[in-house]
Amino acid sequence: MSSRVGLEGQVAVVTGAARGVGELLARKLSARGAKVALVGLEADELKRVSERLTGESDHWYADVTDHEAMARVAQEVEQRFGKVDIVVANAGVASGGPFVDSDPVAWRRVIEVNLIGSAVTARAFLPALMKSRGYLLQIASLAAMTPAPMMSAYCASKSGVEAYAHSLRAEVGHKGVRVGVGYLSWTDTDMVRGADQDEVMRELRQRLPWPSNKTYPLGPAVERIVAGIERRSSHVYAQWWLRGMQGIRGYLPGVIGSVGQREMRRFEPRLGGVRTGLVGAGGAADEEERKSTAP
């Protein structure tokens, strides 16, 4: 087990910090003495979170998929705090439902935010992290390890971002930058609650095998993420059992491909009513942002 790095005086950037994992992570990092830069689309919510933090903080409105905006944010964060030690690429959105009936704009947006947005975030902040010999934590998911029907965009984005982060670790390690991947199962956030509002998606999830069919409390999950940041861990598991999934992940596509067919036959008559847009309050904020900036 690697030794912990104290967070006192460290400068941490958290994307998607307006709610859920990002908000609570910002609070816990601040409580441990870190200076926190909050980045996201919901300016009012970011301001609210920033004002409630115990330590020094500031907030930036930006779309993580916008190269120019994120480059500007990275420059301003470094000017504001003098350095950047930790970056948590947490911003993400999700959609569900059958791929053949999916909204192509929402499907693409999941890939853009979760995968492209994470790469844009890293590209913007890596120069500062190289100077500080810092740590980049990429938030992935159980969805990176196992495919799931009705979640094609989310699984593709999280599998992609996991592979990208592993590749990046090999590239920048000799420059002193550590790269970690964080894995979460279903955790009590606006995103998961939003997905559960759809009856079919909720029932499908409940039929998953234990322990993947549970919704886990946010607090302990984020505590595990904070511990991973303190250790600069290569792999961070927000639920205890996710570590064990690494050893069996190679078998999962075949198993799910077989079992999933049976489940899809069962739910086929009800699939037409599944919502095809982005889920949860964060998804709604993303959709509203795109409407407001559309030409």
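What counts, and where the lines are drawn
- Residues numbered from 1 in each chain as written.
- Predicted model: local features only at pLDDT ≥ 70, side-chain atom pairs only at ≥ 80, totals over all residues.
- Heavy atoms only, no water.
- Helix = DSSP H or I, 4+ residues; strand = E, 2+ residues; numbered from the N terminus.
- Rg over C-alpha atoms; globule rule 2.2 N^0.38 Å.
- Buried < 20%, exposed > 50% of the residue type's maximum accessible area, 1.4 Å probe, protein only.
- Contact = heavy atoms within 4.5 Å.
- Areas by Shrake-Rupley, 256 points an atom, 1.4 Å probe, with all protein chains shown as cover.
- Core = buried A, V, L, I, M, F, W, Y, C linked by side-chain atoms within 4.5 Å.
- Pairing = 2+ DSSP bridges.
- Axes fitted to C-alpha atoms, helices over the stretch in contact; angles between N-to-C directions.
- Phe/Tyr/Trp six-rings, centres within 6.5 Å; stacked < 30°, edge-to-face > 60°.
- Parallel < 35°, antiparallel > 145°, perpendicular 65-115°, else oblique.
- Left-handed = near helix turned anticlockwise from the far one by under 90°.
- Nonpolar A, V, L, I, M, F, W, Y, C, P; charged D, E, K, R; others polar.

Enquirer: Hey, could you go over the overall build of the protein chain for me, with residue numbers and the actual values?
Expert: Within the protein chain one finds eleven helices and seven strands. Its C-alpha radius of gyration of 19 Å places the protein chain within 12% of the 19 Å reference for a compact globule of 295 residues. Along the first, second and third principal axes, the C-alpha set of the protein chain runs to 55 × 50 × 30 Å. Here the protein chain holds 295 residues, and the buried ones make up 54% of them. Within the protein chain, contacts between residues at least 6 apart in sequence are counted, and of these 71% link residues at least 24 apart. Element-wise, carbon and sulfur atoms account for 53% of the exposed surface of the protein chain, whose accessible area totals about 13400 Å².

Enquirer: Report on the nonpolar core, specifying residues and quantitative values.
Expert: Grouped together as the largest cluster of nonpolar side chains are 66 residues, with contacts concentrated most on Val77 and Phe125. Ranked by residue count, the leading element in this core is helix H4 (residues 104–132), at ten residues. Membership of the second largest hydrophobic core comes to 30 residues, among which are Ala18, Val49, Val88 and Leu137.

Enquirer: Tell me about the sheet that holds strand E5 (residues 135–139), residues and numbers included.
Expert: One open sheet accounts for seven strands, arranged E3-E2-E1-E4-E5-E6-E7; its pairing is parallel. Each end of this open sheet is capped by a strand with a single partner; those strands are strand E3 (57–61) and strand E7 (235–237). Direction aside, the axes of adjacent strands within the sheet are offset by 20 degrees on average. Note: strand E4 (residues 86–89) against E5, four bridges, orientation parallel. By the bridge assignment, Ile86 is partnered in E5 with Tyr135. Contacts from helix H3 (residues 67–81) reach strand E1 (11–15), strand E2 (35–40) and E3 within the one sheet, and its direction differs from that of E3 by about 165 degrees. In this fold helix H5 (residues 152–172) packs onto E5, strand E6 (178–183) and E7, with an angle of close to 160 degrees to the strand it touches most, E6.

Enquirer: Any chance you could break down the packing of aromatic side chains for me, citing the residues and the numbers?
Expert: Scanning all chains against the criterion turns up four aromatic pairs. Ring centres of Tyr216 and Trp241 lie 6.2 Å apart, and the angle between their planes is 40 degrees; this geometry places the pair in the tilted category. With Tyr216 in the loop between helix H7 (199–206) and helix H8 (218–231) and Trp241 in the loop between E7 and helix H9 (242–245), this residue pair connects regions lying 25 residues apart in the sequence.

Enquirer: So what's going on with the environment of Tyr135? Residues and values would help.
Expert: Inspection of the secondary structure assignment puts Tyr135 in strand E5. Between the alpha carbons of Tyr135 and Gly160 there is a distance of 20 Å; along the sequence they are 25 residues apart. Leaving out residues up to four positions away in the same chain, Tyr135 has contacts with Asp85, Ile86, Val87, Leu129, Arg178, Val179, Gly180, Gly228, Ile229, Arg232, Ser233 and Val236.

Enquirer: Now, about the packing of helix H1 (residues 20–31) against H8: what can you tell me, with residues and values included?
Expert: The interhelical angle for the contact between H1 and H8, taken along N-to-C directions, is 60 degrees, at an axis separation of 10 Å. As summarised for this structure, H1 and H8 are arranged oblique, according to the angle between their axes. H1 and H8 meet at a crossing whose hand is right-handed. Here H1 contributes Gly20, Val21, Leu24, Leu25, Lys28 and Leu29 to the contact with H8, which in turn contributes Leu218, Gly219, Val222, Glu223, Ile225, Val226 and Ile229. By residue class, the composition of the contact of H1 with H8 is nine nonpolar, two polar and two charged.

Enquirer: Before we move on, could you go through the side chain of Ser50 and cite the residues and values that matter?
Expert: In this fold, Ser50 is placed in helix H2 (residues 43–52). In this structure, Ser50 is in contact with Leu38, Ser57, Asp58 and His59, ignoring residues within four places of it in sequence.

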